[in-house]
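Structural characterization, general
The residues making up each chain are set out below.
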Amino acid sequence: MTQPLIRPARPEDEAELALLDRLTWSTLHSVQPEPSPPYPAFFGERHPPENHLAAELDGRLVGYIRICQPIPLAVNAHVRQIQGIAVAEEARGLGVGRTLVRGAVELARGQGARRLTLRVLGHNTPARRLYEAEGFKIEGVLPEEFRIAGEYVDDVLMGRFL
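Below is a short write-up of the structure.

What counts and what doesn't
Residues numbered from 1 in each chain as written. Predicted model: local features only at pLDDT ≥ 70, side-chain atom pairs only at ≥ 80, totals over all residues. Heavy atoms only, no water. Helix = DSSP H or I, 4+ residues; strand = E, 2+ residues; numbered from the N terminus. Buried < 20%, exposed > 50% of the residue type's maximum accessible area, 1.4 Å probe, protein only. Contact = heavy atoms within 4.5 Å. Areas by Shrake-Rupley, 256 points an atom, 1.4 Å probe, with all protein chains shown as cover. Lys, Arg positive; Asp, Glu negative; His and termini not counted. Charge placed at Lys NZ, Arg CZ, Asp CG, Glu CD. Salt bridge = Lys/Arg side-chain N within 4 Å of Asp/Glu carboxyl O. Core = buried A, V, L, I, M, F, W, Y, C linked by side-chain atoms within 4.5 Å. Polar contact = N/O pair within 3.5 Å; in protein donor to acceptor, adjacent residues only side chain to side chain. Pairing = 2+ DSSP bridges. Axes fitted to C-alpha atoms, helices over the stretch in contact; angles between N-to-C directions. Phe/Tyr/Trp six-rings, centres within 6.5 Å; stacked < 30°, edge-to-face > 60°.

**Overview of the overall build of the protein chain**
Check the secondary structure of the protein chain and you find three helices and seven strands. Across the protein chain, helices and strands are ordered from the amino to the carboxyl terminus as β-α-β-β-β-α-β-α-β-β. Split into buried and exposed, the 162 residues of the protein chain put 43% on the buried side. Long-range contacts, defined here as pairs at least 24 residues apart, represent 61% of the contacts in the protein chain between residues at least 6 apart. Of the roughly 9,200 Å² that the protein chain leaves accessible, carbon and sulfur atoms contribute 53%. Positive and negative side-chain charges in the protein chain, numbering 19 and 21 respectively, have mean positions lying 6 Å apart.

**Here we look at the pattern of salt bridges**
By the definition in use, this model includes 10 salt bridges. Its salt-bridge partner being R92, residue E89 comes within 2.9 Å of it at the nearest N-O pair. Salt bridges here are not isolated pairs; linked through shared partners, they connect R7, D13 and E56.

**Quick notes on the nonpolar core**
Counting residues in each nonpolar core, the largest one holds 36 residues, and the members touching the most others are L17, I65, V96, L116, Y131 and F136. Of all elements in the fold, only α1 (14–23), β2 (52–57), β3 (60–68), β4 (79–87), α2 (96–110), β5 (115–121), α3 (125–133) and β7 (151–161) reach the threshold of two or more residues within this core. It is α2 that provides the largest number of residues to this core, a total of six residues. Not counting the four nearest positions on each side in its chain, I65 is found in contact with N51, H52, L53, I82, G84, I85, L100, V101 and A104.

**Examining the side chain of R80**
Among the structural elements, R80 can be located in strand β4. Engagement of the side chain of R80 in a polar contact is seen with the backbone oxygen of A77, the distance being 2.9 Å. Once residues lying within four places of it in the same chain are set aside, the contact partners of R80 are I67, C68, Q69, P70, A108, Q111, A113, R115, L116 and T117.

**Focus: the sheet that holds β5**
Taken together, seven strands build an open sheet; the order of strands is β1-β2-β3-β4-β5-β7-β6 and the sheet is mixed. Strands at the two margins of the open sheet, each flanked by one partner only, are β1 (5–8) and β6 (137–148). For this sheet the average axis-to-axis angle between neighbouring strands, irrespective of direction, equals 25°. Here β3 runs beside β4; their pairing, made up of six bridges, is antiparallel. Following the sheet pairing, I65 is matched in β4 by I85. Sheet strands in contact with α2 are β1, β2, β3, β4, β5 and β7, and its direction is about 155° off that of β4. In the packing of α3 onto the sheet, the strands contacted are β4, β5, β6 and β7, and the crossing angle to β5 comes to about 160°.

**A short note on the packing of aromatic side chains**
When we look at a pair of aromatic rings, we describe it by the centre distance and by the angle of the planes. One pass over the structure, following the stated rule, counts three aromatic pairs. Taking the centre distance of 5.2 Å and the plane angle of 70° together, the rings of F42 and F43 count as edge-to-face. Across the pair, F43 and F42 agree in class, each one buried. With a centroid separation of 4.9 Å and 80° between ring planes, the pair formed by F42 and Y64 is classed as edge-to-face.

This is how it looks when you write it as structure tokens:
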């Protein structure tokens, strides 16, 4: 099996990552409405290319992960947060998500972070299993924080030390 190549995202990845983001949209992981035209830019002031890692398989982009400082204050400079992850349907089950999470851990460490956090919807069992397998622990739950497709869904806060 070919291992995914994880690399920093580049500005020229914009269109391909935006399309991937739209194609992987699901109520399993998103609280936003399904994307519709006109589509917003993938990269922006809050989420520039350098806040992303891209995953390639056989020269094709098949995933990304977004890592940011959640609160832009000096007192929070030691924390990074995963604020988005997507893996193309055809690349699921090939270790792309796991490799992206491990890449995020290394990127956060390289930026001097001590902690990496994330938020995941309570009903997203596959993602929760992946994060737990990679050392993330549940640090809090906001019960029924969202109403998605007629169902109440918990917002699960997870984190790990680096």
